[in-house]
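Breakdown of the fold
Here's the letter readout for the chains.
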Amino acid sequence: MNHSAYGIPISWFLTVGALLFCIGLFGMMVRRSAIGMLISIELMLNAANLNLVAFGSYLRQPTIAGQVFAIFVITLAAAEAAIGLAIIINIYRLELHIEADKITSMKL
Amino acid sequence: MLAKDFLAVGVFIIVGIVFVAVTLIASYLFRPYNPSGEKLRTYECGEIPLGPAWLQFRVGYYVYALIFLIFDVEAAFIFPWAAALLGFSRTKTLAVLGIIDMVIFVGVLALGLVYAWKKGVLEWK
Amino acid sequence: MFIGNIKLIAPALYLCAAALVVLILGVIAARKPGKGLDYQLPTQYLAPALMFPGVVYALWAVLESLIEVCYTVDVLIGYELVRVPAVALFVTRGGHAQLTADPFGALFTLVAFAGTFIVMLVSLDYFDAAQPHKAEYYSLVMFATAAASLAACASDLIAIYLSIELLSLASYVLACFVKTDRRSGEAGLKYFLYGAACSAVGLYGMSILFGVTGGHTSLSAIARGLTTPAAYSGAAWVGIVFTLVGFGFKLALVPFQFWAPDVYQGAPTPITAFLSVVSKAAGLAVLVRFLTAAVFLFPPQNFSWYWILVVLTAGSMFFGNLVAIPQRNIKRMLAYSSIAQIGYLMIGVVSAVHAFPSLERLVPRLWNLPNVIVRTRAASWYYEPWDMVGLVVYIVAYMFMNLGAFAVVAGIGTRTRSDAIDDYAGLMQRSPFLAAALTVFLISLAGVPPTAGFVGKFLIFGGAIQHAGQNHPELAVLAVLGIINSIISAYYYLNVVRLMFFAPAEDRPSLRASLALNAVVAICLVGTLGLIAAAGPVVDFASLVVSGFLD
């Protein structure tokens, strides 16, 4: 991959992105609290953002599309967090806890 | 090349760690040890804390934060739009189109604000 | 940027405006209980009244796009003159469209709109007049439908991601709409957590695709990017598979189906119907467009994701049908059944990707690759009629029969306060019309001859078998597995029918259906039974729609 003026190869950004994504995915699997899972999801979204912005400025023909995509993702992440928190507050009112794996009112 | 770019960062990190370590060790060596009830309080300035810090916040704060968030993220679109509009100023139709776009965008957000207002979210009960 | 013939997506824009009107009117009216605006314009009547012109508008858009797809326009973008089809909207540099309002997208829009209209009528019967937050409910449904419509036309990663997310965000809230019900809350939480995680994985895949293909978001540009050596790298593979995870979640394809039973059972029944039809139709349209426009346009040597899809298709059918058998709750049973139904539809998708077997046949379709501006009226007819007709017909049939089944379940659920299959015993005596209608919908879902489900399955399996002759034996295997699964599914569908007709009623009062419920069930009955009578014209129409499908 080519280097930009900053002298940092793109692979560094992609590695950080991949690490963030893996941390998010791992958190999604081991976290029990719904808030913890929400935070993990945000990590995964930001990993994708990092990828988009890094690719956008490091490609042979740099493009603004990566940043545009990232702005839309940031907006959606905000909306998603707002809706997610509202859903979690609702579940807290009903169940008095937010342990996602202990909420099993439906079976067969 | 890479090492030179990050040299400043590395020096900064090392200086930061050394500075904090030296200050803490020095104060540990030189300070007198004489605790009293007043001194061990959370706020030494005299404010007496009431109850634990892990208390339930009003849900009203949450709704305020939410509405702030919406109009905060809106700015993420308005700044690039403003920058791009400058480039459009040569073509009149594009400029007008851009302004109409933003009017629609802000209009929809304003409707959201009207909704929140009518729902009584902005009133602090 | 060139905007193009914006009236082709006008139904979606109309619906967004209508949703805002419903939301604001509802809030203003809520201040004056019992009289005033809320009394004169109750939301539950206003919303379907605004929806109906939308359905008509969407129908018009299908016909309009069928005409427009034959024409091209020359547009000047920057200093570049590009010739693009008249159905390409928001064309950017290089001639890449962000939305493509082709007949395929317009038809899925129509399915979403008609489905939502039916869902609204079901809601009218399901929620009583005192239900709070009606304005929010109906406006969210309308926003979700508009998003589904845009998703069906999206031909750019940003457009796909935004429309699918708007659809999802509205659906999360709708799933937990009954705030006092623990099951509804649980449904909302699970749908949200799994949905957001899967869409984040999908987005990560998109970001990799974006980079690997040289910084393009448009599907047509990605298709070109995938012809370069980058396409043979592992990164492209990861990008495509991750992106498919995001779509697979929306469809409840088999490894990503875990949310479906709980969400379908817990959500309010009209919303379950919405999720099972409108949301899935949008996911299906996006998947087909992504596969055919980007990934399979130039199939690289590394073809393994095709085999993943084949395995998932078979897995969905078997898992859905086998797990549906022991279910005691009819909503949960229909949830598993809809996982299986997606398997049948996926056979249509898997055969559809073979619509483009060779580069020579493709060339006229590459309207948005620079220097290849050879698109004539004749060039748009490059599909073999069987490729996707089955898919298109089956989604229409699926809309009628599945919505019909959920309408009856919603109606019976509100009246008996139970969704247990055992409580359907003797329904024939309690409500002959609903029992007979549910029988028709269930045998249609099973694919028994005189129904729409049979027509759809016949076309899908027929198309797959026809393609199997062209050196794709796996399609014949899938078709055979589909037929075996139809037989398995008949067992649990007919079990409900047996209970309704032959099990003794425990001396319960007869059920009175409301006008709205009767109307919905009648509409779905006409659709389910009428499709076979109209099979000839329908197939002709579908092949017309399919032949106008663009990337």
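Residues numbered from 1 in each chain as written. Chains lettered and ligands numbered in written order. Predicted model: local features only at pLDDT ≥ 70, side-chain atom pairs only at ≥ 80, totals over all residues.

Observations regarding the environment of A:Ser40
Residue and element names in this part refer to chain A. By the element assignment, Ser40 lies in helix H2 (residues 34-58). Among the residues examined, Ser40 registers 23 C-beta atoms within 10 Å and is labelled buried. Taking the C-alpha atoms as reference, Ser40 lies 27 Å from Tyr58; in sequence the two are 18 residues apart. Apart from residues no more than four positions distant in its own chain, Ser40 is found in contact with Gly24, Gly27, Met28 and Arg31. (Helix = DSSP H or I, 4+ residues; strand = E, 2+ residues; numbered from the N terminus. Buried ≥ 20, exposed ≤ 12 C-beta atoms within 10 Å, placed from the backbone. Contact = placed C-beta atoms within 7 Å.)

Some points on the pairing of strand S3 (residues 88-92) of chain C
All names here are of chain C. Where S3 lies against strand S4 (residues 96-100), four bridges are found, and the strand directions are antiparallel. Note on S4: the bridge partner recorded for Val91 is Ala97. Between S3 and the antiparallel strand that follows it, S4, lie three residues; Gly94 among them carries a positive phi value of about 85°. (Pairing = 2+ DSSP bridges.)

Re the interface of chain C and chain A
Contacts between the two partners involve 34 residues from chain C and, on the opposite side, 37 residues from chain A. Elements that contribute at least two residues to the side of chain C that touches chain A include exactly helix H6 (157-175), helix H7 (182-212) and helix H10 (260-266) of chain C. Among the elements that line the side of chain C that touches chain A, the one with the most residues is H7(C), at 18 residues. Residues of the side of chain C that touches chain A, tallied by class, amount to 17 nonpolar, 10 polar and seven charged. (Nonpolar A, V, L, I, M, F, W, Y, C, P; charged D, E, K, R; others polar.)

With respect to the packing of helix H5 (residues 134-153) of chain C against H6(C)
All names here are of chain C. The contact between H5 and H6 brings their axes to 8 Å, and the two run at 155°. Considering their axes alone, H5 and H6 lie roughly antiparallel with respect to each other. Between H5 and H6 lies a crossing of left-handed hand. Contacts between H5 and H6 involve Leu140, Val141, Phe143, Ala144, Ala147, Ala148, Leu150 and Ala151 from the former and Ala159, Ile160, Ser163, Ile164, Leu166, Leu167, Ala170, Ser171, Val173 and Leu174 from the latter. Its residues assigned to classes, the contact of H5 with H6 shows 16 nonpolar, two polar and no charged. (Axes fitted to C-alpha atoms, helices over the stretch in contact; angles between N-to-C directions. Parallel < 35°, antiparallel > 145°, perpendicular 65-115°, else oblique. Left-handed = near helix turned anticlockwise from the far one by under 90°.)

Concerning the nonpolar core
Residue and element names in this part refer to chain C. In this structure, Ala151, Ala281, Ile395 and Ala407 are the most contacted members of the largest nonpolar core, which totals 247 residues. For this core, the leading source of residues is helix H15 (residues 386-416), giving 21 residues. Once residues within four sequence positions are removed from consideration, Ala281 is found in contact with Phe108, Val111, Ala112, Ala148 and Ile395. (Core = buried A, V, L, I, M, F, W, Y, C linked by C-beta atoms within 7 Å.)

So, the confidence of the model for chain C
Residue and element names in this part refer to chain C. Mean pLDDT for chain C: 83, with 87% of residues reaching 70 or above. By mean pLDDT, the top-scoring element of chain C is H6 (95), and the lowest-scoring one is helix H14 (residues 359-362) (39). Scored below 50 in pLDDT, residues 357-386 shows 47 contacts in the model against residues more than four places distant or in partner chains. Scored as a whole, the predicted complex attains pTM 0.88, and scored at its interfaces, ipTM 0.94. (pLDDT = per-residue confidence, 0-100.)

Some words on helix H11 (residues 269-295) of chain C
Residues and elements named next belong to chain C. For H11, spanning 27 residues, the distance from its first C-alpha to its last is 36 Å, which sits close to the expected 39 Å at 1.5 Å a residue. At Leu275, H11 shows its maximal kink, close to 30°. Burial runs high along H11: 27 of the 27 residues are buried. (Expected span 1.5 Å × (residues − 1). Bend = angle between axes of the 7 residues up to and from the residue.)

Overview of the environment of C:Ala503
Structurally, the position occupied by C:Ala503 is in the loop between helix H19 (473-502) and helix H20 (515-533). Dropping the residues within four chain positions of it, C:Ala503 is found in contact with C:Ala425 and C:Gly426.

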